[in-house]
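This is what each chain is made of:
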Amino acid sequence: MTVYEGSFTPPARPFRFALVIARFNDLVTEKLLSGCQDCLKRHGIDVDPAGTQVDYIWVPGSFEVPLVTRKLAVSGQYDAIICLGAVIRGQTPHFDFVAGEAAKGIAAIASQTGVPVIFGILTTDTMQQALERAGIKSNHGWGYAMNALEMASLMRAMAPLTEAK
């Protein structure tokens with residue numbers, strides 16, 4: 001049996017990533033973006049928006065993330081897509097609808113297209129919890145970038161499996 005694993009070392013052929021970032025709760029999403037960029041840069045990815053490895057797409061909120069992500073995934077241009085957002089519970093059921101639909105949409109895109117799509121949308125009860133996850137205690141943006149690197153690498157390693165069929 002063969003073992004397939006992703007790695008975190010820069011590949012011979014550079015990866016291409018798209019980052020889809022929700023503007024709503026930008027105090028949080030900009031911090032997630034910063035952590036994500038720091039991780040990618042430290043792993044040899046050129047994060048310059050004018051460069052060729054990372055495209056940045058800003059959308060109004062987390063509910064809009066899946067639509068844009070699907071368009072990017074079907075383009076075939078990206079090794080992985082990282083979705084960043086923050087949905088913070090309020091006093092209405094709006095939180096449940098937005099968080100649930102964003103999660104379902106993102107999961108469906110990855111499953112339907114075969115492109116790794118990283119769910120980097122924080123779903124928290126309070127702004128304080130969101131800020132803690134976006135840099136006060138740790139920055140989950142870093143972890144989302146690590147997931148993208150590992151999945152992009154894993155999908156390349158597994159490419160011969162899909163090409164054989």
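Use the structure listed above.
No experiment lies behind these values; they were computed from the predicted model shown.

Q: How would you summarise the side chain of His43 if you had to cite specific residues and measurements?
A: Within the element layout of this structure, His43 appears in the loop between helix H1 (26-42) and strand S2 (54-59). By relative accessible area, His43 is classed as buried at 17%. Within the structure, the side chain of His43 is placed 2.8 Å from the backbone oxygen of Cys39, a separation counted as a polar contact. The residues touching His43, leaving out its near neighbours within four places in the chain, are Phe8, Pro10, Trp142, Met146 and Leu149.

Q: I'd love a proper account of the sheet that holds strand S1 (residues 17-22), names of residues and values included.
A: In any sheet, the strands associate via hydrogen bonds between backbone groups, in a parallel or an antiparallel arrangement. Spatially, the four strands line up as an open sheet ordered S2-S1-S3-S4, and their pairing is parallel. The open sheet has two edge strands, S2 and strand S4 (117-124), and neither has a second partner. Averaged over all adjacent pairs, the angle separating strand axes in this sheet is 15 degrees, with direction ignored. Two elements, S1 and strand S3 (residues 80-88), share five bridges in a ladder whose sense is parallel.

Q: Could you give me a rundown of the pattern of salt bridges, with the residues and numbers involved?
A: In the structure shown here, the tally under the stated rule is seven salt bridges. A salt bridge links Asp79 to Arg156; the nearest nitrogen and oxygen atoms lie 3.3 Å apart. With Asp79 in the loop between helix H2 (65-75) and S3 and Arg156 in helix H5 (residues 140-157), this residue pair connects regions lying 77 residues apart in the sequence. In this structure, a network of salt bridges that share partners links the residues Arg89, Asp96 and Asp125.

Q: Can you tell me about H5, naming the residues and giving the values?
A: A turn of α-helix holds 3.6 residues, and therefore any two residues three or four places apart point the same way. Between its first and last C-alpha atoms H5 spans 26 Å; for 18 residues at 1.5 Å apiece the expected length is 26 Å, and the two agree. Its side-chain oxygen placed 2.7 Å from the backbone nitrogen of Gly141, Asn139 serves as the N-cap of H5.

Q: Let's hear about unusual backbone geometry: which residues, and what values?
A: With a phi angle near 65 degrees, Asn25 is a residue other than glycine that sits in the positive phi range. Mapped onto the elements, Asn25 comes out in the loop between S1 and H1. Of the residues examined, Asn25 reaches a relative accessible area of 19% and is grouped as buried.

Q: For the environment of Val28, give the residues involved together with the corresponding values.
A: Of note, Val28 is situated in helix H1. With 57 residues separating them along the chain, Val28 and Gly85 place their C-alpha atoms 7.8 Å apart. Residues contacting Val28, with those up to four places away along its chain left out, are Ala86, Leu122, Met127, Ala130, Leu131 and Ala134.

Quick notes on the rules
- Residues numbered from 1 in each chain as written.
- Predicted model: local features only at pLDDT ≥ 70, side-chain atom pairs only at ≥ 80, totals over all residues.
- Heavy atoms only, no water.
- Helix = DSSP H or I, 4+ residues; strand = E, 2+ residues; numbered from the N terminus.
- Buried < 20%, exposed > 50% of the residue type's maximum accessible area, 1.4 Å probe, protein only.
- Polar contact = N/O pair within 3.5 Å; in protein donor to acceptor, adjacent residues only side chain to side chain.
- Contact = heavy atoms within 4.5 Å.
- Pairing = 2+ DSSP bridges.
- Axes fitted to C-alpha atoms, helices over the stretch in contact; angles between N-to-C directions.
- Salt bridge = Lys/Arg side-chain N within 4 Å of Asp/Glu carboxyl O.
- Expected span 1.5 Å × (residues − 1).

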